[in-house]
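Descriptive analysis of the structure
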Amino acid sequence: MSSTREKLIALLSRHSNTFVSGQWLSEQLIVSRTAVWKQIKQLEEDGYRFESIPNKGYRLIHQPDKVSENTIYWGLPTEWLGKQIEHYQMIDSTQTLALKRAQEGCEQGLVIISDKQTAGKGRRMREWDSNNDDGIWLSFVLRPNLIPAQAPQLTLLTATVLVKVIEAITELKPKIKWPNDLLIDQKKVAGILTQAQGEHDHIHYAVIGIGLNVNQINFQLTEMQTYQATSLKIETNQTFSKTELIQLFLSHFESLYQIYLTEGFAPIKQKWLESAYRLGEQLCFKVNGVEKTGIFVDLSDDGCLIVEDDQQKREKLYSADINW
Ligand code: BTN
């Protein structure tokens, strides 16, 4: 962040619960009061709205729906998640950058967002189609006190948060397809990528990346793609504010993560099962090359899917060998 305009927006966003005087702003920005006034007029032309009272100053009351560090920060009710944000118009992958920042020692809660990604990554080295600014492409850094075997729980937790966000703003009832897909009517609306780094008994950091299709109106099926995609807009015919969705996601995530840290995985598992795709149905899967069938009955504490055969013998599935 460098220009006077960006610094002014940042100051106004962070003090939006009070009035700030032109004098104070000019001192902070080291520019004249006339320059501050001109910038404010310019912002008004760009869709920003202020309450202004003579002798008291300005208070920011509305920002245009343009994703930026400031618009996300403004009104974000979290304590630590998203208190540091890096926003880009275009980068290769928010996940790659967040992993780099985590490696460099950034604080827990850093969020990296990009309008477009030129090399978005999915699970299993797949590409994630995100070279458009209609979706939410973001990654964030956690430093949980967990062992590596618990890392998959973070993906499950994130999926339940995404369900909650979508249910809060639409009438839709998304389903979570184990382990990391969110479906609406069998079509993929979001994906989660969790990458953790640590030792055998301790995670140093985990980076969670989410890709949520928001305002796309169509999708081109790529050759590699084995699923049909959808967006919130396709499903509802409405356009959504990405800023509000990001804020909602971050605040719901922080709350549920707090519950997870204090009460463990059980309440998360409960919520996850409520939205699980094909729970109670017979699945076909492969273990060590052998084709089997079993009813999807539960989720284990290490985040595995549990199936039961017709002899009531239960088996944990680790990798995605399921023929959904
Ligand atoms: C999947 O379904 O395979 C996971 C997709 C995860 C995509 C997100 S978009 C933001 C972040 N940056 C990436 O490069 N990937 C994740």
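Residues numbered from 1 in each chain as written. Predicted model: local features only at pLDDT ≥ 70, side-chain atom pairs only at ≥ 80, totals over all residues.

This part takes up the UniProt feature "DNA-binding region" (unreviewed entry) in the chain. In the numbering used here, UniProt assigns the "DNA-binding region" (unreviewed entry) feature to residues 22-41. The annotated region residues 22-41 carries 85% helix and 0% strand content, and the separation between its end C-alpha atoms amounts to 13 Å. (UniProt positions renumbered as here; feature names shortened; annotations may be inferred. Helix = DSSP H or I, 4+ residues; strand = E, 2+ residues; numbered from the N terminus.)

On to the confidence of the model for the chain. Residues with a pLDDT of 70 or more make up 97% of the chain, whose mean pLDDT is 92. Here the prediction assigns the complex a pTM of 0.85, and the interface score ipTM is 0.99. (pLDDT = per-residue confidence, 0-100.)

The subject of this paragraph is the site of the ligand. The environment of the ligand is formed by 22 residues, the closest being Ser93, Gly122, Gly191, Gly209 and Gly211. Of all elements in the fold, only α5 (94-104), β5 (135-142), β8 (187-199) and β9 (202-213) reach the threshold of two or more residues within the shell around the ligand. Counted by class, the shell around the ligand contains six nonpolar, 12 polar and four charged residues. (Near = placed C-beta within 6 Å. Nonpolar A, V, L, I, M, F, W, Y, C, P; charged D, E, K, R; others polar.)

What follows covers the UniProt feature "binding site: biotin" (unreviewed entry) in the chain. With numbering aligned to this structure, UniProt lists the feature "binding site: biotin" (unreviewed entry) at Gln117 and Lys188. Along the chain, the position of Gln117 falls in strand β4 (residues 111-117). By the C-beta count within 10 Å, which is 26 here, Gln117 ends up buried. What Gln117 contacts, discounting residues up to four positions off in sequence, is Ile91, Asp92, Ser93, Thr94, Ser130, Asn131 and Trp137. Mapped onto the fold, Lys188 is located in strand β8. Setting aside its immediate chain neighbours within four residues, Lys188 contacts Asp181, Leu183, Tyr227, Gln228, Ala229 and Thr230. (Buried ≥ 20, exposed ≤ 12 C-beta atoms within 10 Å, placed from the backbone. Contact = placed C-beta atoms within 7 Å.)

Turning to the sheet that holds strand β13 (residues 314-317), a few remarks are in order. The strands that make up a sheet pair up through hydrogen bonds in the backbone, lying either parallel or antiparallel. Reading across the sheet, the five strands line up as β13-β12-β11-β10-β14 and stay open at both edges, with antiparallel pairing between neighbours. Each edge of the sheet is formed by a strand with only one pairing partner; in this case those strands are β13 and β14 (322-323). (Pairing = 2+ DSSP bridges.)

In spatial order, the strands read β3-β4-β5-β9-β8-β7-β6; together these seven strands make up an open sheet with mixed pairing. A strand with exactly one partner marks an edge of an open sheet, and here the two such strands are β3 (85-91) and β6 (175-177). Strand-to-strand, the axes of this sheet are offset by a mean angle of 20°, without reference to chain direction. In terms of strand pairing, β4 meets β5 through four bridges, oriented antiparallel. Following the sheet pairing, Ile112 is matched in β5 by Ser139. (Axes fitted to C-alpha atoms, helices over the stretch in contact; angles between N-to-C directions.)

To characterise two packed helices, one gives the angle between the axes of the helices and the distance between these axes. At a closest axis distance of 11 Å, the pairing of helix α1 (residues 4-14) and helix α2 (residues 22-29) adopts a crossing angle of 130°. With respect to their mutual orientation, α1 and α2 come out oblique. The way α1 lies across α2 gives a crossing that is right-handed. For the pair formed by α1 and α2, the contact residues are Thr4, Lys7, Leu8 and Leu11 on the first element and Leu25, Gln28 and Leu29 on the second. A class-by-class count of the residues in the contact of α1 with α2 yields four nonpolar, two polar and one charged. (Parallel < 35°, antiparallel > 145°, perpendicular 65-115°, else oblique. Left-handed = near helix turned anticlockwise from the far one by under 90°.)

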